[in-house]
Amino acid sequence: MRVHIDVNGERLAADDVWEGESLLYVLRERLGLPGAKNACEQGECGSCTVYLDGLPVCACLVAAGQAEGREVVTVEGLASGDDLDQGLDEVQRAFVEAGAVQCGFCTPGLIVQAHSLIESTPQVPEDADIREALAGNLCRCTGYEKIIDAVRLAATRKAQNKAAQKKAPR
Amino acid sequence: MRPFAYQRATDVPSAVAAGTGQAMYLGGGTNLVDLMRLGVATPEVLVDVTRVPFDTIEETPGGGLLIGAGVRNSDLAAHPLVLRNYPMLAQAVVAGGSGQIRNMATVAGNLLQRTRCSYFQDITKPCNKRVPGSGCPAREGDHRNLAILGHSEACVATHPSDMAVPLAALGAVVNVESSGGPRAIPMPGFHRLPGDAPERDTLLRPGDLVTAVELPALPFAARSRYRKVRDRASFAFAVVSVAAALDVADGVVRDCRIALGGVAHVPWRAERAEAALRGAPATAEEFARAAEAELAQASPLPRNAFKVPLARNVLVRTLLDLTAREDLTAAGDTGETS
């Protein structure tokens, strides 16, 4: 079957998609977006997390046909370029700066999930809320402490940016 | 994964028309897609019902709630009327899965999810639920997380849902559509005990489509709580859970609704505990007596006997919480136990 998906703001089509393929497979193997990772394929590890119609989901558990006509944002779509100072989202920059990345396999899913947490929380979230929000993302390397640091850092900066925008004269 | 045909339904009649033979309905897919990949579920036709417009939550004329089958778990848990009138339901839903899972999982899919018994999920092992008559290795094998109530020689599986526990306590009604017309199946009773047919989790017949879950008006459920014990702080199935609503006046229990999760093939309505509590003083001693009355019928297996005192203690603790604290309906209380 043919599947149309709005991916990172662009209407894309994939041909010859088998009904049993997942959204994750379509993104990685048919649309050339390998950011979301394929690990447990059971919704346990969260490394395939992408936005589907604005909400983070495990792309491995979404049947390809379910994504027809939907909007998907992957970790690639959060950045506007590769420039570490300019192009990356605050969450991506914070992961780099806080040392929250070791092998990197869980990182794309964690960044999308953390991005959603920060976008949906007006204040800087408490550590307990960060941990709960990331409960569906497994990391085998870091022990999570630097990841929590990164999320706190990104949330603090985004809150500061918002405050600065409010104060700035028009 | 076995090859299958994929169809997209746009309304209830077209879904029911497509749902014949070896068809299965696809909601959020968080359990079914996994089971298909494992080879446990092998539908010939997958009828995607995620575009059927039954994704709303509406107040009923009687003061209850009509929850569409396709409502996402995250939307259900965040709904103001659920938080205000049925806090144990909101607490149970956020206690299940992860954020990503709750964003996809639907109400009907949550009710119809299959057991997480490891033998059921492993097609190289016998399992009476997956292959009737093939045997049950769990009785002699790994059953730490399995049933202590209502199990049979054929099956000791537990129902994995958190959400279904408060629904059973509330006496929710499951609305079903089929080629033979609509019908309504009350909980508890929608899910069935295994008996000698553990392959059937519910009273649903092939082709039946769950369209909504109706919650009755129950004013005292505004004071209710879901307490879940699990092996880690988050994203784990219940070892034992309790949903309870308590109506206390002048120190006496006027009415109550109690159900247990993680202990049986069904969300277990604790009718004996309820009967023991109605009219009794709201004291720790009476709560313990009620819990004992319920769990006297337990028949644990060698490696899950700990669940009997655990369920008793969690039940007593939940009832004490409900009588001791004034802030239980607060939206921020997730009912989590870590």
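In case you missed it, the structure is sitting above this.
Here we summarise the structure given alongside this text.

What counts, and at which threshold
Residues numbered from 1 in each chain as written. Chains lettered and ligands numbered in written order. Predicted model: local features only at pLDDT ≥ 70, side-chain atom pairs only at ≥ 80, totals over all residues. Heavy atoms only, no water. Helix = DSSP H or I, 4+ residues; strand = E, 2+ residues; numbered from the N terminus. Rg over C-alpha atoms; globule rule 2.2 N^0.38 Å. Contact = heavy atoms within 4.5 Å. Areas by Shrake-Rupley, 256 points an atom, 1.4 Å probe, with all protein chains shown as cover. Lys, Arg positive; Asp, Glu negative; His and termini not counted. Charge placed at Lys NZ, Arg CZ, Asp CG, Glu CD. Axes fitted to C-alpha atoms, helices over the stretch in contact; angles between N-to-C directions. Parallel < 35°, antiparallel > 145°, perpendicular 65-115°, else oblique. Left-handed = near helix turned anticlockwise from the far one by under 90°. Buried < 20%, exposed > 50% of the residue type's maximum accessible area, 1.4 Å probe, protein only. Pairing = 2+ DSSP bridges. Salt bridge = Lys/Arg side-chain N within 4 Å of Asp/Glu carboxyl O.

Our next topic: the overall build of chain B. Within chain B, the regular secondary structure consists of 12 helices and 12 strands. Relative to its length of 338 residues, chain B is compact, with a C-alpha radius of gyration of 19 Å against a globular reference of 20 Å. Considering only intrachain contacts with a sequence separation of at least 6, the fraction spanning at least 24 residues in chain B is 64%. Surface accessibility of chain B: about 12,900 Å² in total, with carbon and sulfur atoms responsible for 53%. Positive and negative side-chain charges of chain B, numbering 35 and 34 respectively, have mean locations separated by a distance of 4 Å.

This brings us to the packing of helix α3 (residues 90–98) of chain A against helix α4 (residues 107–119) of chain A. For any two helices packed against each other, the geometry comes down to the angle between their axes and how far apart the axes lie. Residues and elements named next belong to chain A. Packing of α3 against α4 brings their axes to within 9 Å, and their N-to-C directions diverge by 125 degrees. With respect to α4, the element α3 is oriented oblique. For the pair α3 and α4, the crossing hand works out as right-handed. On α4, the residues that touch Val91, Gln92 and Phe95 of α3 are Thr107, Leu110, Ile111, Ala114, His115 and Ile118.

With that settled, consider helix α5 (residues 87–94) of chain B. Extensive coverage of α5 of chain B is indicated by the burial of 7 of its 8 residues. Residues Pro87, Met88, Leu89, Ala90, Gln91, Ala92 and Val93 of chain B constitute the buried set of α5 of chain B.

Let's shift gears to the pairing of strand β9 (residues 224–229) of chain B. Regular strands place side chains that alternate from one sheet face to the opposite one. All names here are of chain B. In terms of burial, β9 is largely enclosed, as 6 of its 6 residues are buried. On β9, burial covers both faces: Ser224, Tyr226 and Lys228 on one face and Arg225, Arg227 and Val229 on the other are all buried. Here β9 pairs with strand β10 (residues 240–249) via 6 bridges, running antiparallel. Within the sheet, the bridge partner assigned to Arg227 lies in β10 and is Val242.

This paragraph deals with the pairing of strand β7 (residues 183–186) of chain B. Residue and element names in this part refer to chain B. When strand β6 (residues 173–177) meets β7, the two strands line up antiparallel, connected through 4 bridges. Its bridge partner being in β7, Val174 is matched across the sheet by Ile185. Here β6 folds back onto β7, and the loop between the two strands holds 5 residues, one of which, Gly181, carries a positive phi near 110 degrees.

What follows concerns the sheet that holds β9 of chain B. All names here are of chain B. Pairing within the open sheet is antiparallel, and its 4 strands lie in the order β9-β10-β11-β12. A strand with exactly one partner marks an edge of an open sheet, and here the two such strands are β9 and β12 (268–269). Relative to the sheet, α5 contacts β9 and β10, its axis offset from that of β9 by approximately 25 degrees.

For side chains of opposite charge, pairing can occur when their charged atoms come near one another. Summed over all chains, the structure comprises 29 salt bridges over all chains. Note that Arg93 of chain A is salt-bridged to Glu90 of chain A, the shortest N-O span being 2.9 Å. Here Arg93 of chain A and its partner Glu90 of chain A are both found in helix α3, 3 residues apart, which amounts to about one turn of the helix. Assessed through its relative accessible area of 14%, Glu90 of chain A is described here as buried. The salt bridge partner of Asp321 of chain B is Arg317 of chain B, with a shortest N-O separation of 3.3 Å. Of the two residues, Asp321 of chain B and Arg317 of chain B both sit in helix α12 (residues 307–324), 4 residues apart, roughly one turn of that helix. Its relative accessible area of 41% is what places Arg317 of chain B among the partly exposed residues. Several salt bridges share partner residues, and in doing so they unite Asp255, Arg257, Arg269, Glu274 and Arg278 of chain B into one network.

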